[in-house]
Amino acid sequence: MMGGFNLREIMDSARTFRNQRGGGGGDKNSPPPGSPPCSSSYSTSSSSSSSSSPSSSLLSASKTRMTVVQLPPEILAHVFSFLSGRDICSAALTCKLFHEMSRIDRLWQDMAFKEFGIVLPPGQIPSYMQMYAHVIYKYRHLYGLWQPDITHYGGLVQVKFEEGKIVAYEWRVPCDPNYLDPLRRKEIFSIGLSNDGQVRHLCLGGFRGPHKCQISVRSSSNFCSKCDVQESHTHPQSTDEEYREWLREETCNISRFFHPQNQSLSFFKFLLFKQYKCCYEYNRLSIPRPRPQAIIQPGIFKGTYGDHGLELVMLAYEEDGYTVKAKKITGDQNVPANKVTFRADLRYSLILNEQQQMDMDMLVAMRRSSSSVLPENLPAQPFLLPQNCMERGVYVPNQCKARQVMSLLI
């Protein structure tokens, strides 16, 4: 077995297939009348020798031709294991034997791993072939990271195959202000097979359990989802309870929203989400490639944004290789999603002692005297918050590699 690919099991399935057909070889493997012929053939002849007898001369003069459909099913299964899923489907259209060979279920279990890295557990899938054709391959463009198109707010969604189905997760920021905590995960929808082999699209949100939804793949970089049972997302008691439940999921801490400013921001967001009626459009997110020599790698980061709470940004390098920019993945009314929140030129660093960091006015003045030493060539330096800055109750490091001069767009 190599990387989930088990040729022995495929050939065992082929032997079972041969026994069901009543033996192997000969005319029993030839295509039935009226089916398209398989033109590939193989020629065999006896090897010549210096002393030839009449019988050997007779054998050398005659040639035995074997068509590909007369090969043992084990050999055909071995050949099929090298094909792609599309090639197997094309081969299945040529003749009845190839069509029957393409229905060896174990082939499709290995095809899912070979083409998509998906491991289909034995005994949990009604049909590997149907799972591959109607779920794994049909919705292949869904795998990866996505951003919902929700005006200012955006979001981060991941679609992957696990536990026998395609599942979409929304990744939410940690509870404010604990930015060091891991992201929180919430299921959105799933695509799988029922016990009778039918494809099921299920919305996993709301208050009444899984229910039907629609998934429409428009291209490899865009799709949309729509819930078919809107009342499942309405709280059974009242809109006030629905709002409180939404706050618990959104912030983990309702008490901090007793402040009038926070109440206004959160209630506006709640009403906006209700207007979408669980019908969302998603655009693909691409993470920049790693930069081996960079002091900070590109990717997704968490950040604190005052009354707006924690948000996600995508950090990427511009063409010059020194300037980094952070674009909002989750946004707010101040800096919406997909807008750049800051830029920084990593060629110019601030080198500060402890005294210079104690006062905000002094920090502002130091911005004009930044060094051109690259961050990777700087020693670690102390890191302190100015006396008139608030820590927000989170961990603050006491050392840093460098401080950069940034152009803030918030």
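Residues numbered from 1 in each chain as written. Predicted model: local features only at pLDDT ≥ 70, side-chain atom pairs only at ≥ 80, totals over all residues. Heavy atoms only, no water.

**Details of the overall build of the protein**
So, step 1. The helix and strand inventory of the protein stands at ten helices and 17 strands.
So, step 2. Expressed as a percentage of the 410 residues in the protein, the buried residues total 38%.
So, step 3. Approximately 23400 Å² of the protein is accessible, and the part contributed by carbon and sulfur atoms is 52%. (Helix = DSSP H or I, 4+ residues; strand = E, 2+ residues; numbered from the N terminus. Buried < 20%, exposed > 50% of the residue type's maximum accessible area, 1.4 Å probe, protein only. Areas by Shrake-Rupley, 256 points an atom, 1.4 Å probe, with all protein chains shown as cover.)

**With respect to the nonpolar core**
So, step 1. Among the nonpolar cores identified, the biggest contains 49 residues, and L120 and F161 are the most heavily contacted of them.
So, step 2. Ranked by the residues each element gives to this core, the list is headed by helix α7 (residues 128-136), at six residues.
So, step 3. The contact partners of L120, leaving out residues within four places of it in the chain, are W108, Q109, A112, I125, Y128, M131, I136 and F161.
So, step 4. Core analysis: the second largest hydrophobic core is formed by ten residues, A294, Y305, L315 and A326 among them. (Core = buried A, V, L, I, M, F, W, Y, C linked by side-chain atoms within 4.5 Å. Contact = heavy atoms within 4.5 Å.)

**Section: the packing of helix α4 (residues 85-92) against helix α6 (residues 105-116)**
So, step 1. The interhelical angle for the contact between α4 and α6, taken along N-to-C directions, is 145 degrees, at an axis separation of 10 Å. Here G85, I88 and C89 of α4 come into contact with α6, specifically with W108, M111 and E115. (Axes fitted to C-alpha atoms, helices over the stretch in contact; angles between N-to-C directions.)

**With respect to the pattern of salt bridges**
Pairing between side chains becomes possible if they bear opposite charge and their charged atoms approach one another.
So, step 1. Per the counting criterion, the structure on display carries 13 salt bridges.
So, step 2. Put simply, K274 and E242 hold a salt bridge, and the shortest N to O gap is 2.9 Å. Residue K274 is found in helix α9 (residues 260-275), and its partner E242 is found in helix α8 (residues 239-251); the two are separated by 32 residues along the sequence.
So, step 3. Its relative accessible area of 37% is what places K274 among the partly exposed residues.
So, step 4. On the accessibility criterion, E242 (8% relative accessible area) is buried.
So, step 5. E245 is the salt-bridge partner of R248, the closest N and O atoms lying 3.2 Å from each other. You can see R248 and its partner E245 sitting in helix α8, three residues apart, about one turn around the helix. (Salt bridge = Lys/Arg side-chain N within 4 Å of Asp/Glu carboxyl O.)

**Looking at the sheet that holds strand β9 (residues 222-227)**
So, step 1. Strand order in this closed barrel of eight strands is β3-β4-β5-β6-β7-β8-β9-β10, and the pairing throughout is antiparallel. Averaged over all pairs of adjacent strands, the angle between strand axes in this sheet comes to 35 degrees, irrespective of strand direction.
So, step 2. Bridge analysis of strand β5 (residues 165-172) against strand β6 (residues 184-193) gives seven bridges, and the strand direction is antiparallel. Across the sheet, the residue bridging to W171 is R185, located in β6. (Pairing = 2+ DSSP bridges.)

**Digging into the packing of α6 against α7**
So, step 1. It is at 7 Å that the axes of α6 and α7 come closest, and there the two elements cross at 40 degrees. Relative to α7, the element α6 lies oblique. Here α6 contributes D105, W108, Q109, M111, A112, E115 and F116 to the contact with α7, which in turn contributes Y128, M129, Y132 and I136.
So, step 2. Here the contact of α6 with α7 is built from residues that sort into eight nonpolar, one polar and two charged. (Parallel < 35°, antiparallel > 145°, perpendicular 65-115°, else oblique. Nonpolar A, V, L, I, M, F, W, Y, C, P; charged D, E, K, R; others polar.)

**A look at unusual backbone geometry**
So, step 1. Residue P177 is bonded to the preceding D176 through a cis peptide linkage, with omega at 10 degrees.
So, step 2. On the secondary structure map, P177 appears in the loop between β5 and β6.
So, step 3. Located in the positive-phi region is C278, a residue other than glycine, with phi close to 60 degrees.
So, step 4. As for its position among the elements, C278 is in the loop between α9 and β10 (279-285).
So, step 5. C278 sits in the buried class, given a relative accessible area of 17%.
So, step 6. Phi at N338 is positive, roughly 75 degrees, even though this residue is not glycine.

**With respect to the side chain of R172**
So, step 1. Position of R172 relative to the elements: it lies in strand β5.
So, step 2. Side-chain polar atoms of R172 contact the side chain of E170, separated by 3.3 Å.
So, step 3. One polar contact links the side chain of R172 to the main-chain carbonyl oxygen of E249, over a distance of 3.1 Å.
So, step 4. Beyond its immediate chain neighbours, meaning those up to four positions away, R172 contacts L183, R184, K186, E249 and E250. (Polar contact = N/O pair within 3.5 Å; in protein donor to acceptor, adjacent residues only side chain to side chain.)

**Considerations on the environment of V199**
So, step 1. Mapped onto the secondary structure, V199 falls in strand β7 (residues 199-203).
So, step 2. For the pair V199 and V135, spaced 64 residues apart in the sequence, the C-alpha separation amounts to 7.4 Å.
So, step 3. Residues within four places of V199 in sequence aside, it is in contact with H134, I191, G192 and L193.

**A few points about the environment of I188**
So, step 1. Tracing the backbone through its elements, the reader meets I188 in strand β6.
So, step 2. Residue I188 is classed as buried on the basis of its relative accessible area, which comes to 18%.
So, step 3. Each C-alpha atom, one on I188 and one on A168, is 5.4 Å from the other, the two residues being 20 residues apart in sequence.
So, step 4. When near neighbours in sequence (up to four residues on either side) are disregarded, I188 contacts V157, A168, Y169, E170, L202, C203, L204, G205 and Y282.

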